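# What the coordinates show
These are the residues of each chain, in order.
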Amino acid sequence: MRLLCTNDDGILAVGIETLVRAAESLGEVHVVAPDREQSATSHSLTLHHPVRPVQRGERRWQVDGTPTDCVLLAVQALMPGRPDFVLSGVNHGQNMGEDVLYSGTVAAAMEGLSLGIPSIAVSFAATDLRADAQRLTDQTELLARLLAHLVALRLPADTLLNVNLPPLPPDAVKGVRVTRLGRRVYSNSLTPMRDPWGRQIFWIGGGSAEWSGEPDSDFQAVRDGYISVTPLRLDLTHYDVLTSQESWWRDL
Ligand code: MN
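I will try to describe carefully the structure that is included in this document. (Residues numbered from 1 in each chain as written. Predicted model: local features only at pLDDT ≥ 70, side-chain atom pairs only at ≥ 80, totals over all residues. Heavy atoms only, no water.)

### A few points about the coordination of the manganese ion
Donor atoms from the polypeptide that bind the manganese ion are D8 (OD), D9 (OD), S39 (OG) and N91 (OD1), placed at 2.1 to 2.3 Å. Spacing between the donor residues of the manganese ion along their common chain follows D-D-x29-S-x51-N. (Donors = N, O, S within 2.8 Å, 3.2 Å for Na, K, Ca; no water.)

### Brief notes about the pairing of strand 5 (residues 85-92)
Within a regular strand, the side chains alternate between the two sheet faces. Counting buried positions along strand 5 yields seven of eight residues, so the element is predominantly enclosed. Inspection of the sheet shows strand 1 (residues 2-6) paired to strand 5 by four bridges, in the parallel sense. In the sheet register, C5 faces strand 5, and the bridge partner there is L87. Pairing of strand 5 with strand 6 (residues 119-124), which is carried by five bridges, proceeds in the parallel orientation. (Buried < 20%, exposed > 50% of the residue type's maximum accessible area, 1.4 Å probe, protein only. Helix = DSSP H or I, 4+ residues; strand = E, 2+ residues; numbered from the N terminus. Pairing = 2+ DSSP bridges.)

### Examining the packing of aromatic side chains
Applying the stated criterion to the full structure yields one aromatic pair. Arranged with centres 5.2 Å apart and planes meeting at 5°, the rings of W211 and F219 form a pair that is stacked. Given the relative accessible area of 3%, F219 is considered buried. One residue, R177, lies across the ring of Y226, its end atom 4.2 Å from the ring centre. (Phe/Tyr/Trp six-rings, centres within 6.5 Å; stacked < 30°, edge-to-face > 60°. Lys NZ or Arg CZ within 6 Å of the ring centre and 35° of its normal.)

### Points about the pattern of salt bridges
On inspection of all chains with the given rule, the structure shows 10 salt bridges. With a shortest N-O distance of 3.1 Å, D216 and R180 are connected by a salt bridge. One end of the pair, D216, is in the loop between strand 12 (208-212) and helix 7 (218-223); the other, R180, is in the loop between strand 8 (175-178) and strand 9 (183-187), and 36 residues separate them in sequence. Overall, R180 belongs to the partly exposed group, its relative accessible area being 44%. Here D195 makes a salt bridge to R199, at a shortest N to O gap of 3.0 Å. (Salt bridge = Lys/Arg side-chain N within 4 Å of Asp/Glu carboxyl O.)

Below you can see the structure in the form of structure tokens.
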């Protein structure tokens, strides 16, 4: 099996090393990852300047672009053939609920899927990875077992899997729950400040995050000490509205 590993935290991140070590038990691993952090870049594609791949070892490339750029370059130029799976992560921090709309980690998996390759995004739900980096690397073997299981599933072709690992020692992880996306409510995520010249600026991010989620949500699973696996698809069509409002245009 040929696997592409990428991320949004950059090629030097602890998380991608953990992912690569876990994936190596499954097959031939190729790494094509951003040369710096690209968190919250979502599904952005670099259109206005060129991107340059630099080889950092055998089957290992860094790119001065976004996670989406990396997947595109990997599949269409850098890899000797199409990967059987795109694996993205392990992200430093959770990607649950609405996070998936901002996440570069999840977007890389979406790009894989839109290129027709089954894809899995993996995130480590710790709030401070500097404190919890060892906990992440301690989960390498657990992640290897999980990935072996997930890549063997026979899922519809339009499925991507969004995995969140609880920040626990591996023997304290209770198991796996298949979940749906919860809802995140950010408060104070915009901080007004002054620049050195006294002009007003804003720093986006931080703040406290509250969540609301059903018992079968990703948030609840991780809070309960389980690995959360949420099946996602790219089609954002609201089918309930589509089928219930078939005639709304007729009065126009
Ligand atoms: Mn990230």
